[in-house]
Amino acid sequence: NSGGSGYTYVYDNVANSGNVTVSGGTLYFQGGTTLTNSSTGTTTVTGSGSTLYLQGLANSGALGVDTNGLVQLAGSFTTSGLGSFTTASGSTVQLSGTLNNASTTFSQAAGTALTLYGGTITGGNVTSASLALSTSGGTLDGTTVNGNLSVGSGQVVTLKNSAGATGTTTVN
């Protein structure tokens, strides 16, 4: 989806060995489908109003989110399965699914909005200038946030198995 404001829905697995660019619209991988980036595959989300919605990802290539782009991780993921996953300042990553982050660190660029959108991060560390929640809340299960945690009005975060943050925790 490039240059528009529409939606494209994919209901089958996609193997990408070239370039997929989401610019000005939304690309949904629905119903348990998987985007597979080969070692030469690149997927980029760029510009305001651009969203990539993933329920499955096998990334041996590159996944990039530029300024004002949004990636929503809605399925079950492992940090290693995300592969080369880069974000730019001003981009957004929403986790509405589950991220198995055991024994590793999930890091984002400074200025990236990392939002638990009802999702769960299990284990390891999350490096983020600020981890935020939506009104859907979220769960940190044995996860240490190396940064700030902000819980706004009407938001809920569940901390399990010694989860917490090294920065400032703010409850409004």
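Presented here is a report on the structure given in the accompanying data block. (Residues numbered from 1 in each chain as written. Predicted model: local features only at pLDDT ≥ 70, side-chain atom pairs only at ≥ 80, totals over all residues. Heavy atoms only, no water.)

1. Quick notes on the pattern of salt bridges
Summed over all chains, the structure comprises one salt bridge. In this structure, Lys160 engages Asp141 in a salt bridge whose closest nitrogen and oxygen atoms are separated by 3.9 Å. Placement of Lys160 in strand E21 (residues 157–160) and of Asp141 in strand E19 (residues 138–141) is noted, with a sequence separation of 19 residues between them. (Salt bridge = Lys/Arg side-chain N within 4 Å of Asp/Glu carboxyl O. Helix = DSSP H or I, 4+ residues; strand = E, 2+ residues; numbered from the N terminus.)

2. Examining the nonpolar core
Note on soluble globular proteins: their nonpolar side chains tend to be buried together. Counting 31 residues, the largest nonpolar core has Leu52, Leu54, Leu73, Leu82 and Leu140 as the members making the most contacts within it. Those elements that place two or more of their residues in this core are strand E4 (26–29), strand E7 (50–54), strand E9 (62–65), strand E10 (69–73), strand E13 (92–95), strand E16 (113–116), strand E18 (125–133) and strand E20 (144–151). Excluding anything up to four places from it in sequence, Leu82 contacts Leu57, Asn59, Leu73, Phe77, Leu99 and Phe106. (Core = buried A, V, L, I, M, F, W, Y, C linked by side-chain atoms within 4.5 Å. Buried < 20%, exposed > 50% of the residue type's maximum accessible area, 1.4 Å probe, protein only. Contact = heavy atoms within 4.5 Å.)

3. Observations concerning the packing of aromatic side chains
In this structure the tally under the stated criterion is five aromatic pairs. Where Tyr7 meets Tyr28, the ring centres are 6.0 Å apart and the plane angle is 25 degrees; that geometry is what we call stacked. Highlighted residues: Tyr7 in strand E1 (residues 7–10) and Tyr28 in strand E4, separated in sequence by 21 residues. Ring centres of Tyr9 and Tyr28 lie 4.7 Å apart, and the angle between their planes is 5 degrees; on these two criteria the pair is classed as stacked. In this pair, Tyr9 is assigned in strand E1 and Tyr28 in strand E4, connecting sequence segments 19 residues apart. Looking at Tyr28, the relative accessible area reads 19%, which means it is buried. Among the aromatic side chains, those forming a connected cluster through ring pairs are Tyr7, Tyr9, Tyr11, Tyr28 and Tyr53. (Phe/Tyr/Trp six-rings, centres within 6.5 Å; stacked < 30°, edge-to-face > 60°.)

4. Some details on the sheet that holds strand E5 (residues 35–37)
Strands sit in the order E2-E5-E8 across an open sheet of three strands; the sheet is parallel. Sheet topology places strand E2 (14–16) and strand E8 (57–59) at the edges, where each strand pairs with a single neighbour. Between one strand and the next, the sheet's axes are offset by a mean angle of 10 degrees, whatever the strand orientation. Pairing geometry for E5 and E8, over three bridges, is parallel. Following the sheet pairing, Asn37 is matched in E8 by Asn59. (Pairing = 2+ DSSP bridges. Axes fitted to C-alpha atoms, helices over the stretch in contact; angles between N-to-C directions.)

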